[in-house]
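Examining the three-dimensional arrangement
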Amino acid sequence: MNTNFIIVLGGLALLLLALSAISSIVQSTESRSHKTSWIALVALVPLVGWAIWWRKGPRRP
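Overview of the structure.

Reading guide: rules and limits
Residues numbered from 1 in each chain as written. Predicted model: local features only at pLDDT ≥ 70, side-chain atom pairs only at ≥ 80, totals over all residues. Heavy atoms only, no water. Helix = DSSP H or I, 4+ residues; strand = E, 2+ residues; numbered from the N terminus. Expected span 1.5 Å × (residues − 1). Buried < 20%, exposed > 50% of the residue type's maximum accessible area, 1.4 Å probe, protein only. Contact = heavy atoms within 4.5 Å. Polar contact = N/O pair within 3.5 Å; in protein donor to acceptor, adjacent residues only side chain to side chain. Axes fitted to C-alpha atoms, helices over the stretch in contact; angles between N-to-C directions. Parallel < 35°, antiparallel > 145°, perpendicular 65-115°, else oblique. Left-handed = near helix turned anticlockwise from the far one by under 90°. Nonpolar A, V, L, I, M, F, W, Y, C, P; charged D, E, K, R; others polar.

1. Let's talk about helix α1 (residues 3-27)
The terminal C-alpha atoms of α1, which comprises 25 residues, lie 37 Å apart, in line with the 36 Å expected from a rise of 1.5 Å per residue. By the burial criterion, the buried members of α1 are Ala18, Ala21, Ser24 and Ile25. As for α1, its buried residues are in contact with α2 (32-44) and α3 (46-56). N-capping of α1 is provided by Asn2, with a side-chain oxygen placed 3.3 Å from the backbone N of Asn4.

So this is what it looks like as structure tokens:
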């Protein structure tokens with residue numbers, strides 16, 4: 001399989017993870033400043049930010 005294809009698929013997977021985390025963050029009941037901090041974390045380091053949000057972030061009501 002072509003290496004570039006695998007890299008592109010990995011990038012798309014990271015993008016989808018980041019977008020799902022951001023969507024969840026926006027729908028949460030956290031304050032605006034907390035939401036902004038979480039979104040910045042997920043945007044700057046998508047895989048790590050997503051993992052931290054998944055483990056430590058507030059749950060949806």
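Past the structure itself, the notes keep going.
2. Some thoughts on the packing of α1 against α3
The axes of two packed helices give the description: the angle between them and the distance between them. Running from amino to carboxyl end, α1 crosses α3 at an angle of 40 degrees, the nearest separation of the two axes being 9 Å. Taken together, the axes of α1 and α3 are oblique relative to one another. The interaxial crossing formed by α1 with α3 has left-handed handedness. Side by side, α1 and α3 meet where Leu14, Leu17, Ala18, Ser20, Ala21, Ser24 and Ile25 of the first sit next to Pro46, Leu47, Trp50 and Trp53 of the second. Classifying every residue of the contact of α1 with α3 by side-chain character gives nine nonpolar, two polar and no charged.

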